[in-house]
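# Coordinate inspection notes
Take a look at the letters that make up each chain.
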Amino acid sequence: MDAPTPHPRPPRPKVVLTFPGQGAQHARMAAGLYGVSKSFTSTMDHAFDAFGPAGRTLREGWLAATPPAAFDDISYAQPLLYAVNCAMGAMVTEAGLRPDVLLGHSVGELAAATLAGVFSFDCGLRYLSEYIGVYRHAPRGGMLAVAASPREVEAHLVPGVVIGAVNAPRQVLLSAPEEALADVEAALRGAGITCSRARALQPFHHPVMRDVITAHAGLLTRPPLHPPHTTLYSAYTGQELANELATDWQFWTGQPAEPVLFGPTLEHLLSSGPHLLVEAGPGQSLTALARRTPAVARGDAKALALLPARAGEPDADIEAVRAALKQLATCGCDPLSPDF
């Protein structure tokens, strides 16, 4: 009697680490890992030391039960998001997770590029420090999250307002200086369209940022750039980042003026086969977006977050990471050995 033909094993899903950007910051984000995970703590302390005297202020604001009034400003949110994203990515890779793809949203793309070896963590920290100095010259403004498609939104745009990000088929972010942003918010609410302010105090991903960088580009130190050693997708190009762009300094300095196409980029990535998306940063915003994609709905992809949606009890971060790492093991990943 012939032996039964073994069923072929399904292909291992590609592991994608995702990193959130501006708007994902919240009080004590990932702070439960600080002083517990050696890797996470070391990365965060390195960042605070690199910022010099400002690093002490960043650490105090990050660990405070009630964040400072300027927590959503570029001076707090951007360096803390970059540091936390990089610290989370380093922690899970040192635990044995081997990502096949890295993908970030806005400043999260800088963290993804760092973990892909495009530039070092020190270079990224120096860039963020100088970047804050440059974009202090940006006009006050912000971003508006709108539950509508780009086409629906375009009919209500007023002068000075642009689509700064497309996060899903019916989820966009508008960007504008403050007066124009208030006008479009009133117009959208008047039309019965759901919208809310994103946690940003500058008009990121708006052409006005191009004028700022043009006027102050001399304040930025160009770091050495290298081709990524891990596949890096860019939410600005909508596809895998070519080596030529990854090593083009103007590509990185131009990002604050360009729209983020996270939704289309994610759908393009997921169209290539089974994937396991792991959000390695504060909150669960990118996981929520991923779960709305057709690939996840069909079961062709899975999405999970390493951290809770918001800060909770002191042990909540550790418990969430442990639970996520156990879930990864059931999804085909090798057993992981975290340092806590």
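Note that the structure is a prediction, hence the values are computed from the model and not measured. (Residues numbered from 1 in each chain as written. Predicted model: local features only at pLDDT ≥ 70, side-chain atom pairs only at ≥ 80, totals over all residues. Heavy atoms only, no water.)

Let us now look at the overall build of the protein chain. Within the protein chain one finds 14 helices and ten strands. In terms of overall size, the protein chain behaves like a compact globule, its C-alpha atoms giving a radius of gyration of 20 Å where 340 residues would be expected to give roughly 20 Å. The principal-axis extents of the C-alpha atoms in the protein chain amount to approximately 80 × 45 × 45 Å. Buried positions account for 54% of the 340 residues belonging to the protein chain. In the protein chain, once contacts between residues fewer than 6 apart in sequence are set aside, the share between residues at least 24 apart is 74%. Accessible area for the protein chain stands at about 14,900 Å²; split by element, carbon and sulfur atoms hold 53% of it. Side chains of the protein chain carry 25 positive and 31 negative charges; the gap between the two charge centres is 4 Å. (Helix = DSSP H or I, 4+ residues; strand = E, 2+ residues; numbered from the N terminus. Rg over C-alpha atoms; globule rule 2.2 N^0.38 Å. Buried < 20%, exposed > 50% of the residue type's maximum accessible area, 1.4 Å probe, protein only. Contact = heavy atoms within 4.5 Å. Areas by Shrake-Rupley, 256 points an atom, 1.4 Å probe, with all protein chains shown as cover. Lys, Arg positive; Asp, Glu negative; His and termini not counted. Charge placed at Lys NZ, Arg CZ, Asp CG, Glu CD.)

Using the criterion set out here, one finds eleven aromatic pairs in the structure. Arranged with centres 6.4 Å apart and planes meeting at 40 degrees, the rings of F40 and W62 form a pair that is tilted. Of this pair, F40 sits in helix α1 (residues 38–50) while W62 sits in helix α2 (residues 53–63); the two residues are 22 residues apart in sequence, bridging distant segments of the chain. Here F40 matches W62 in class, with each residue buried. Relative to W249, the ring of Y127 lies with its centre 5.4 Å away and its plane at 75 degrees, an arrangement referred to as edge-to-face. Highlighted residues: Y127 in helix α5 (residues 121–135) and W249 in helix α10 (residues 249–253), separated in sequence by 122 residues. Comparing Y127 with W249, the two get one shared label, buried. One aromatic cluster is present, formed by Y34, F40, F48 and W62 through successive ring pairs. (Phe/Tyr/Trp six-rings, centres within 6.5 Å; stacked < 30°, edge-to-face > 60°.)

Take unusual backbone geometry next. Phi is positive for R28, which is not a glycine, with a value near 55 degrees. The topology assignment puts R28 in the loop between β1 (14–19) and α1. The phi angle at A30 is positive, at roughly 65 degrees, despite the residue not being glycine. Examined against the element boundaries, A30 turns out to sit in the loop between β1 and α1. By relative accessible area, which is 2% here, A30 ends up buried.

This paragraph deals with helix α7 (residues 178–190). Working note: α-helix, 3.6 residues per turn, so residues spaced by three or four point in the same direction. The end-to-end C-alpha distance of α7 is 18 Å, a good match for the 18 Å that 13 residues give at a rise of 1.5 Å each. Taken together, the buried positions of α7 are occupied by A180, L181, V184, E185 and L188. Projected down its long axis, α7 carries its buried residues within an arc of 135 degrees, all on one side. Turned more than 90 degrees away from the buried face of α7, the exposed residues are E179 and G190. Directly after α7, the chain includes G192, whose backbone phi takes a positive value near 80 degrees. (Expected span 1.5 Å × (residues − 1). Arc of directions from axis to C-beta.)

Another point: the domain arrangement of the protein chain. Taken domain by domain, the protein chain consists of domain 1 (14–138 + 206–331) and domain 2 (141–197). Each of domain 1 and domain 2 was reduced to a C-alpha centroid, and the two centroids are 24 Å apart. In this assembly, domain 1 packs against domain 2 so that about 890 Å² is buried in total across both faces, 58% of it on carbon and sulfur atoms. When the buried area of domain 1 at its contact with domain 2 is split by residue, H206, L289 and R292 rank highest and sum to 46% of it. At the boundary of domain 1 and domain 2, one finds zero salt bridges. If you tally residues by element for the side of domain 1 that touches domain 2, the top one is helix α11 (residues 262–270), at four residues. Counted by class, the side of domain 1 that touches domain 2 contains seven nonpolar, three polar and three charged residues. (Domains from an automatic or database assignment. Buried area = accessible area lost by both parts, 1.4 Å probe. Salt bridge = Lys/Arg side-chain N within 4 Å of Asp/Glu carboxyl O. Nonpolar A, V, L, I, M, F, W, Y, C, P; charged D, E, K, R; others polar.)

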